[in-house]
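Residues per chain, in single letters:
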Amino acid sequence: MLGKRVSLDSLPPEVIEYILITAVAAGDAECVAAVAATCKYLFEIVYDTLDSHLWRSLFCTTFDDPRRLVLQGHASDAPLNWRRLFTERVRARRYVYRHAVPISLMEKHSEASAPRNADLLVQLPEINHEENTQCLRALISVLTTAAPEPHKSTGAPLTLTRTNRAGALVPLGLTELHNQAGQWPPERTSGRTTPSLNIAWLRETLARGIPSVVTGRFILDPVESLWHSSPVGSYMAELISHLGFIPIPPGPAAAHANSNPQVLAKSPASPSRYLTRQSVRAQRAESSSPGLGSKPLDMSADAQWDRARWTAREVAFDMTYLSSQRSWGPYLPVHPMLDHEESDAETSDGEGSDPDYVPGVDAPPTADVPSADQLRPDWSWLGAARIVADCVLRLYVDDEEGVKTLQDWDNVREGAWVSAPRSTTQESDSMEDLKGGHTSAETSHERDWAGAEGVWRRLVCWFGYDELFSLNQGFMRYDVPGLDEAWTIVPLSLRITGYSPSPLPQYADRPTIHVEGEMGGAGWQGDGAPGDLEEDVRRVHGTVGMLKDGRVRWSITSMNEDNTQDEWASEAVQLGGVGSRMGSLGMWTGASHEDDDPLGVIWQWRVG
């Protein structure tokens, strides 16, 4: 017996399963397929099991158990396919590691002009539409199924009311609430939160960024190209909305010769897909100028941030975007042609079979203002808004640590500001208890299921109307030196005034929440005493409800300086899970929705 050699295929299945689980837990996810390929006996242990216990165990060594989610709105009654989920994510990581590499690009521009986006004519390598779609979809799956944060992990509660002389409780004024709260999401209470495996996995997987050709297309393709509304472009924008822009890794790209693009000649015959509206004018003005040349494109992180900002501005501040079909917000109509599942059948360039199809415009006729069950988030716009907001915080806010607190990827986790209706501890593979509507009978539907009531901060970004009009008419370029967004961060207090039934039957347990409160206006200073009549305090009112895809919609209207009529309306979408610390991202515009109304970016997060 001492001389007998023991081979892997001589071990009982239980031992082999234990070895595989231990190896995956140690970081070797690729070992499962390698072991299964060695012989029929091991293949059957891995792939021909009668139940899902092995794949469930493998999955839970690396990722959060999605059955712990009780607030998420994307649930299904069908059992989880643990094997598919695990293998898709492992494949996505391998794809990212292979394709998040430095790339070399050449720019062609006039020596007399700065090499800005409007002058760049570069052709990126062809993008593998199917593989990148699968990769980005798997990354979003990891993002949206991160483990919930325990309720009340966000520090000590604030005092929201006081007792007046008559002995009645009355809400505190905005200045008093502002003085209690900080500027950023409060620090997590020690010992009340646990790390998320999903977020840790995302940090490691995306340490060098998204596949470089996808990032390159995002910042260099003109916004009018259909790539930005393709599945790859939309998934990329959804990731950016939640995680922020991640530049292509720097470094010598000579070793990546296959990434070198063809340089396009700058002439009127160049394909229009490589031009912006502004570049057409610039091209005509410079076509007869001498000194056209080419050189390597600056792909430093700062240069990529600049280009991302220029591209994002063109989307976020497009006045033609405002439409009743979008409910004057960052939404697209729910229509089969627009769903990711249907769009995956598009061509490898991410463009549909109809080159004239424009998302959100060619959808079938609906009511003037669609209801919640007819809207879904427009991630292309929201991704641009996130870049605009991040650039403002990055360039102008003198509190680097505070900004990092807001941008922390852990903030996408559900539940930080709300308590779950009940916990689920079942061992089945079903996600049935995640669905909206599956709450216990004793749980009241009329509750703050969204974490709306409290004190918030709102970042507001805009251009002056003259600048905005000039930009939209092509009289000014989005990349002109010295062009900066105006911005402010103001306090916002919300209190619940009532509830109405959800327009979506599947979310009957999440009635529409009606809120009112106060918000600092453009003239807010924040240094006045409570009750200071000089402080710019606006009354607000609105609703918080559900969209069809399970996202939370925030609709808030603020009044004018005299608080006599509505002035500004905002529409925003929750980032991450319900009640997340990341808050909501969206747009503001005129409350009357008149022609030529301005628009801008908002990002609001709760602070107490």
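Residues numbered from 1 in each chain as written. Predicted model: local features only at pLDDT ≥ 70, side-chain atom pairs only at ≥ 80, totals over all residues. Heavy atoms only, no water.

## Brief notes about the overall build of the protein chain
- The helix and strand tally for the protein chain stands at 16 helices and 14 strands.
- Across the 608 residues that make up the protein chain, the buried fraction comes to 53%.
- Accessible surface computed for the protein chain: about 26800 Å², of which carbon and sulfur atoms make up 51%. (Helix = DSSP H or I, 4+ residues; strand = E, 2+ residues; numbered from the N terminus. Buried < 20%, exposed > 50% of the residue type's maximum accessible area, 1.4 Å probe, protein only. Areas by Shrake-Rupley, 256 points an atom, 1.4 Å probe, with all protein chains shown as cover.)

## Structural notes on the packing of helix H6 (residues 129–144) against helix H8 (residues 197–205)
- Viewed as axis vectors pointing N to C, H6 and H8 meet at an angle of 145°, and their least axial separation amounts to 8 Å. For the pair H6 and H8, the sense of crossing is left-handed. Residues Leu139, Val142 and Leu143 of H6 form the contact with H8, whose own contacting residues are Asn198, Trp201, Leu202 and Thr205.
- Of the residues belonging to the contact of H6 with H8, the class tally is five nonpolar, two polar and no charged. (Axes fitted to C-alpha atoms, helices over the stretch in contact; angles between N-to-C directions. Left-handed = near helix turned anticlockwise from the far one by under 90°. Contact = heavy atoms within 4.5 Å. Nonpolar A, V, L, I, M, F, W, Y, C, P; charged D, E, K, R; others polar.)

## Structural notes on the confidence of the model for the protein chain
- For the protein chain, the average pLDDT comes to 80, and 75% of its residues sit at 70 or higher.
- Scored below 50 in pLDDT, residues 253–292 shows 74 contacts in the model against residues more than four places distant or in partner chains.
- Low pLDDT (under 50) marks residues 336–367, which in the prediction has 50 contacts with non-local residues, meaning those over four places away or in another chain. (pLDDT = per-residue confidence, 0-100.)

## A short note on the packing of aromatic side chains
- Counted by the stated rule, this structure contains 14 aromatic pairs.
- Members of the aromatic cluster, connected to one another through ring pairs, are Phe43, Tyr47, Trp55, Phe59, Phe63, Trp82, Phe86 and Trp201.
- Over the ring of Phe63 we find Arg89; its NZ or CZ atom is 4.8 Å from the centre of that ring.
- Sitting over the face of the ring of Tyr321, Arg326 holds its NZ or CZ atom 3.9 Å from the ring centroid. (Phe/Tyr/Trp six-rings, centres within 6.5 Å; stacked < 30°, edge-to-face > 60°. Lys NZ or Arg CZ within 6 Å of the ring centre and 35° of its normal.)

## Re the packing of helix H9 (residues 212–220) against helix H10 (residues 231–243)
- Between H9 and H10, whose axes approach to 11 Å, the crossing angle comes to 90°. As judged from the angle between their axes, H9 and H10 are roughly perpendicular. Across the interface between the two elements, Val214, Thr215 and Phe218 of H9 pack against Val232, Met236, Ala237 and Ile240 of H10. (Parallel < 35°, antiparallel > 145°, perpendicular 65-115°, else oblique.)

## Things to note about the sheet that holds strand E12 (residues 566–574)
- Read once around its circumference, the closed barrel built from eight strands follows the order E7-E8-E9-E10-E11-E12-E13-E14, with strand pairing classed as antiparallel. Across the sheet, the mean angle from the axis of one strand to that of its neighbour is 30°, orientation sign disregarded.
- Both E12 and strand E13 (residues 584–590) contribute to a ladder of seven bridges, which runs antiparallel. Bridge assignment links Trp568 to a residue of E13, and that residue is Gly590. (Pairing = 2+ DSSP bridges.)

## So, a nonpolar patch on the surface
- A contiguous nonpolar patch, built from Leu8, Val15, Tyr18 and Ile19 and spanning about 360 Å² of accessible area, is present on the exposed surface.
- As for its position among the elements, Val15 is in helix H1 (residues 13–25). (Patch = residues over 30% accessible without salt bridge, like charges linked within 9 Å, V, L, I, M, F, W, Y side chains within 5 Å. Salt bridge = Lys/Arg side-chain N within 4 Å of Asp/Glu carboxyl O.)

## With respect to the pairing of strand E11 (residues 552–559)
- Most of E11 is tucked away: eight of the eight residues are buried.
- What you see with E11 is no split at all: Val552, Trp554, Ile556 and Ser558 on one side and Arg553, Ser555, Thr557 and Met559 on the other are buried throughout.
- Relative to E11, strand E10 (residues 537–546) is paired through seven bridges, and the arrangement is antiparallel. Bridge pairing in E11 places Met546 opposite Val552.
- If you look at the hairpin formed by E10 and E11, you'll find five residues sitting between the two strands, and Gly550 has a positive phi there, around 95°.
- With seven bridges connecting them, E11 and E12 associate as antiparallel partners. When the bridges of E12 are listed, Ser558 appears paired with Trp568.
- Linking E11 to E12, which pair antiparallel, is a turn of six residues; within it Asn563 sits at a positive phi near 55°.

## Section: the environment of Ala389
- Looking at the element boundaries, Ala389 is found in helix H14 (residues 379–396).
- Judged by relative accessible area, Ala389 falls into the buried class, the value being 0%.
- C-alpha of Ala389 to C-alpha of Trp487: the two residues are 98 residues apart in sequence and 9.2 Å apart in space.
- Each residue touching Ala389, except ones within four places of it in the same chain, is listed here: Leu459, Cys461, Val601 and Trp603.

## What to know about the pairing of strand E8 (residues 486–500)
- Here strand E7 (residues 454–462) pairs with E8 via nine bridges, running antiparallel. Paired with Arg458 across the strands is Val490, a residue of E8.
- Judged from the eight bridges that link them, E8 and strand E9 (residues 512–520) form a sheet pairing that is antiparallel. Each bridged residue has a counterpart across the sheet, and for Ser500 the counterpart in E9 is Thr512.

## A closer look at the side chain of Arg458
- Mapped onto the elements, Arg458 comes out in strand E7.
- Although buried, Arg458 forms no salt bridge, and the nearest oppositely charged side chain, Glu571, lies 9.7 Å from it.
- Polar side-chain contacts of Arg458 include one of 3.1 Å to the side chain of Ser570.
- A distance of 2.8 Å separates polar atoms of two side chains, one belonging to Arg458 and the other to Gln604.
- Filtering out sequence-adjacent residues up to four positions away, Arg458 remains in contact with Thr488, Ile489, Val490, Met519, Ile556, Ser570, Ile602, Trp603 and Gln604. (Lys, Arg positive; Asp, Glu negative; His and termini not counted. Polar contact = N/O pair within 3.5 Å; in protein donor to acceptor, adjacent residues only side chain to side chain.)

## What about the environment of Ser592?
- Within the secondary structure layout, Ser592 lies in the loop between E13 and strand E14 (599–606).
- For Ser592, a relative accessible area of 53% puts it in the exposed group.
- Residues Ser592 and Trp568, spaced 24 residues apart in sequence, show a C-alpha to C-alpha distance of 8.0 Å.

## Comments concerning the environment of Thr175
- Here Thr175 is to be found in helix H7 (residues 174–180).
- Placed 318 residues apart in sequence, Thr175 and Ser493 show a C-alpha to C-alpha distance of 9.9 Å.

## Here we look at the pattern of salt bridges
- Within this structure, the stated rule accounts for 23 salt bridges.
- Two residues, Glu88 and Arg84, come together in a salt bridge whose shortest N-O distance is 3.4 Å. Residue Glu88 and its partner Arg84 are located together in helix H5 (residues 82–99), separated by four residues, close to a single helical turn.
- Notably, a salt bridge pairs Glu401 with Lys404, separated by 4.0 Å at the nearest N-O pair. Within this pair, Glu401 and its partner Lys404 are both found in helix H15 (residues 400–407), separated by three residues, close to a single helical turn.
- In this structure Glu401 comes out as exposed when scored by relative accessible area, which is 54%.

## With respect to helix H16 (residues 465–473)
- Buried residues of H16: Leu468, Ser470, Leu471 and Asn472, and no others.
- Following H16 by one or two positions, Gly474 has its phi on the positive side, about 85°.

## Brief notes about H9
- Counting buried positions along H9 yields nine of nine residues, so the element is predominantly enclosed.
- Those residues of H9 not exposed but buried are Ser212, Val213, Val214, Thr215, Gly216, Arg217, Phe218, Ile219 and Leu220.
- Of the surrounding secondary structure, the elements contacted by the buried residues of H9 are H5, H6, H10, helix H12 (301–316) and H14.

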